[in-house]
Amino acid sequence: MFWILQLGIALFSLAVEGRKIPCDTVPENGKVTFSAEGLYTFSCVSSNYTLIGESSARCVDGVFDIHHLPACAGKAPRKTTVTARYKDFICQEEAIERSTAALIEILKGAPCWKAGTCNIKETKQECTGGELTVHVHYHTLIMDARNDIAAVTEALKRRHRASRQKRFNFDDAAATDTDTSGCDPGFITNADDTCSACVAGTYASADSITCLPCPIGTYQPSSGSTECIQCDEGKTTETIGSEEQDECVGTCQLPDVVYKGVYIVDNEVQEAGATVLIGSKVTLTCNEGYKFSDSTTFEMNCESPASTFYNKCFKVTMLPDQNIYKLQAETAYITCSVEAPHDIIDFHVVHDNKFTVEAGSDREFENGFAEQIFEVNSSEGAVGMVKCMADVMEDFSETSNSEIIVALVDVFLKPGAGMTANVGEAVTLSALVTYDDSLRAHFSWRKDGETYRIFSTSQSTIGGSQFFKSEVVFESVRFNDQATYSVIVNVTDPAGNPGFVKEKHLQLSVRGFTKQPSDDTGRIYIVQIEGQDVKLTCSYQGMGESDELIWLDEFNKVIHKEWQTSVEEKGDTTSIIQFDSWPEDVGADKLKCALFSGANLIAESDRVHLISHGYEVQMGNNVHAAPGEDAVLECTASSPRDLYHLPTVTWYKKNTDGEDVFLEDSDHFITNNKLDETLLLSTLTVLRADKEDRGEYYCKAQYDTPVYIEVIAKDTIDLLLNGEIKAQNNFEQWLFVEFLYIFINT
């Protein structure tokens, strides 16, 4: 579309410059009027003529601003044709003449015939294959005349239909009749429905509605023409609308193809393959990025039809045309390319020697491209700028306009793929990227696939090399820090243009004690009670296959190995030491869990303290109470320090579902503690006892000195309502007592 537009502009400019029409020129059989606004208007002297061409123009420097003077063409009548077809016809001359005469007689009945506005100029008959076709040609001067003929034709059709119905022998039993109207080829229709012949220098094809000027390279000396005459080979006209053969002048032929460039002739763009006039200056201008030798233009002159023109523009490029980023030890590939209509002499790569560049063995030349693939390798991370160079012609080399960054980059994690850390250790996870001023690195961390944190990068020197670095720091690692950590590294150029994105993963495993040594209630200070069993547990997560969890005393001596067992569940190993009764060789002592790998001690737990006998809590007697009266329960607490420091005593009620209920002072429960010589007497008053209060009660003493000690009574007190007998694992007996109590009280 661009070429067509430029060509049109060029042709118009040539026409204006080549055919100058003086402002006093008047069309033949025409006249010119001048308006106050300086507009010249063309018209014809009478209504017998039609103006063909521009209807107005302006005068500029003594000449009209149009490229062709309009003409006044004489008007001619339109031609209307009536066609009748007769099927099943015997093609004999007498029958043909009779049918034709009968048809003309009907058509002369048109009102325009009597009015003299239409007449029959010609009749033609065709008879073949049992079908007669008759063409009757009218000349019509007005639209009404054509309407009259159409009306007669329609009446003729109705008459034919009637004759077929009545079997009237009119020799037209199967006739179909039509009428058409128009101007002859080479003529155009006027506003008053007449026809005008296209004047010399113009033509009208069968479907034209206006007369068209003859294109550049053609002429037409006659009026009423349907086409223009081509100039002799090697010649062309300077303007459109040429009338005479002597307007054809000598030319040169531009090459059919211009490779990545454009021809400019006398300051106007011309398409490849176009003809230019003798004496024209032709400039080959290469497209942006392309060159001819060492310049973007090349000038030539059209001196004879045999003048030689050039069409060679080329460009040295590099593919891909974007920066290349690869991990160290990978091979980067650069394709250097020359786009040209000829092969090249040689290829080179220009770089700063930071890496090795080797040319591949094959060079390809296809569809205007010569290509050479180069391999870039480096045993170390390296970043450099690269250009392509090509020897395009003898003594002429061209380098690509653009250069790219080739980056062979180190990206790695510390520590490697993963690590195992002990609870409480300081741990650092690092992502490192080779540092260079031509690069930027952006880091994003995730924990088990979820965004963890975004860290800013820092430049530092590690082991003599520079890196972009991002870190995840745990000052004291915990079990919930155990996860798969991934870092997404986005390496770009300084402007942020994409380089590559690399994701790396490492597994952080955390091991340590998940439960320090204690008894089932979590106590780490345990009072030695005669005849009572002791069960201590500790748990460790992250044990290896050869690791073992063992109980030791405070001197690292194994304590009764036969009493120790281990249970593993969900990654935790729980070690249990249990005394059925307090062992005589375990007095006041400190015990601990220790992790061994073979004979090596890996980690040890906190201590659990076994306190010597002397702390004791005893429950009083069972209590019977009538419904609605108060019940008082008793327990006593003693210690080897003769209660110099009073303990805190709290009361509990056993619950059937296993969770004991702490009895806080309220309007139903009242706790009272008092010192009685070397015993602390604690009472629990249950106000207005009822059925809900029945059950087992016990108390617990907490001593704060010398260390926190918690002692629970070995026995319980039963609170019974009057008449109740405590059932010993006999539910039926309890039901009987309950029924008896209800019966007595009712």
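Treat the numbers as computed from the prediction; the structure is a model and nothing was measured. (Residues numbered from 1 in each chain as written. Predicted model: local features only at pLDDT ≥ 70, side-chain atom pairs only at ≥ 80, totals over all residues. Heavy atoms only, no water.)

1. Examining the pattern of salt bridges
Note the threshold: Put simply, a salt bridge is a Lys or Arg side-chain nitrogen that is within 4 Å of an Asp or Glu carboxyl oxygen. Classification of residues uses two cut-offs on accessible area relative to the type maximum, computed with a 1.4 Å probe and protein chains only: under 20% is buried, over 50% is exposed, and between them is partly exposed.
Applying the stated criterion across every chain yields a total of nine salt bridges. Across the pair Lys124 and Glu122 runs a salt bridge, and its minimum N-O distance is 3.7 Å. Across the salt bridge formed by Lys654 and Asp660, the nearest N and O atoms sit 4.0 Å from each other. For Asp660, a relative accessible area of 33% translates into the label partly exposed.

2. Observations regarding the confidence of the model for the protein
Worth spelling out the cut-off: Known as pLDDT, the predictor's per-residue confidence is scaled from 0 to 100. In this analysis, two residues are considered to be in contact whenever any of their non-hydrogen atoms come within 4.5 Å of each other.
When pLDDT is averaged along the protein, the result is 81, and 87% of the positions lie at 70 or above. Considering only residues more than four positions removed or in separate chains, one finds that residues 727-746, a stretch of pLDDT under 50, has 14 contacts.

3. Some points on the pairing of strand 35 (residues 427-434)
Worth spelling out the cut-off: Helix and strand assignments follow DSSP, with helices taken as H or I runs no shorter than four residues and strands as E runs no shorter than two, numbered in order from the N terminus. Only strands joined by at least two bridges in the DSSP assignment are considered to pair.
Counting buried positions along strand 35 gives seven out of eight residues, so the element sits mostly inside the fold. The pairing of strand 33 (residues 411-414) with strand 35 spans four bridges and is classified as antiparallel. When the sheet's bridge partners are listed, Lys414 is paired in strand 35 with Ser430.

4. Some points on the state of the cysteines
The condition is simple: Disulfide: a pair of cysteine sulfur atoms within 2.5 Å of each other.
A full pass over the atoms with the stated rule returns twelve disulfides. Covalent S-S linkage joins Cys198 and Cys211, the inter-sulfur distance amounting to 2.1 Å. Because the sign of the S-S torsion sets the handedness, a value of about -90° for the bond joining Cys198 and Cys211 places this disulfide among the left-handed ones. Here Cys198 is found in the loop between strand 12 (195-197) and strand 13 (202-203), whereas its partner Cys211 is found in the loop between strand 13 and strand 14 (212-213), with 13 residues between them in sequence. Owing to a relative accessible area of 12%, Cys211 belongs among the buried residues under this scheme. The disulfide bridge from Cys252 ends at Cys302, spanning 1.8 Å between sulfur atoms.

5. As for empty space enclosed by the protein
Using the following cut-off: Definitions used throughout: a 1 Å grid over protein atoms alone; a cavity as a set of points that fits a 1.4 Å probe which cannot get out; a pocket as an open set with protein on both sides within 12 Å along at least five of seven lines; a lining residue as one with an atom within 4 Å of a point. Grid points are joined across faces, edges and corners, and a volume is the space filled by probe spheres set on the points. Put simply, Ala, Val, Leu, Ile, Met, Phe, Trp, Tyr, Cys and Pro go in the nonpolar bin, Asp, Glu, Lys and Arg in the charged bin, and everything else, Gly too, in the polar bin.
This structure, assessed with the given rule, holds two cavities of 30 Å³ or more. Considering only enclosed or pocket space, the largest cavity measures out at about 50 Å³ in volume. In this structure, the largest cavity is lined by Gly289, Tyr290, Lys291, Phe314, Lys315, Val316, Glu398, Thr399, Ser400 and Asn401. Of all elements in the fold, only strand 24 (315-319) and strand 31 (396-399) reach the threshold of two or more residues within the lining of the largest cavity. Considered class by class, the residues forming the lining of the largest cavity number three nonpolar, four polar and three charged.

6. Concerning the sheet that holds strand 51 (residues 631-638)
Rules: Every axis corresponds to a line fitted to the C-alpha atoms, with the helix fit spanning only the stretch in contact, and the corresponding angles, defined between N-to-C directions, vary from 0 to 180 degrees.
Ordered by their spatial adjacency, four strands build an open sheet running 49-51-55-54, and the pairing between neighbours is antiparallel. Edge positions in the sheet fall to strand 49 (616-619) and strand 54 (669-676), since each of these pairs with one other strand and no more. For this sheet, the mean angle separating the axes of adjacent strands, direction not counted, is 20°. Here four bridges tie strand 49 to strand 51, and the two strands are oriented antiparallel to one another. Its bridge partner lying in strand 51, Gln618 is registered against Thr636.

7. What about the side chain of Ser470?
Using the following cut-off: In protein, a polar contact requires one atom able to donate a hydrogen and another able to accept it; more generally it is a pair of N or O atoms within 3.5 Å, and residues adjacent in sequence count only if both atoms are side-chain atoms.
Structurally, the position occupied by Ser470 is in strand 39 (residues 465-474). Among the polar contacts listed, one links the side chain of Ser470 to the side chain of Trp445, at a separation of 3.0 Å.

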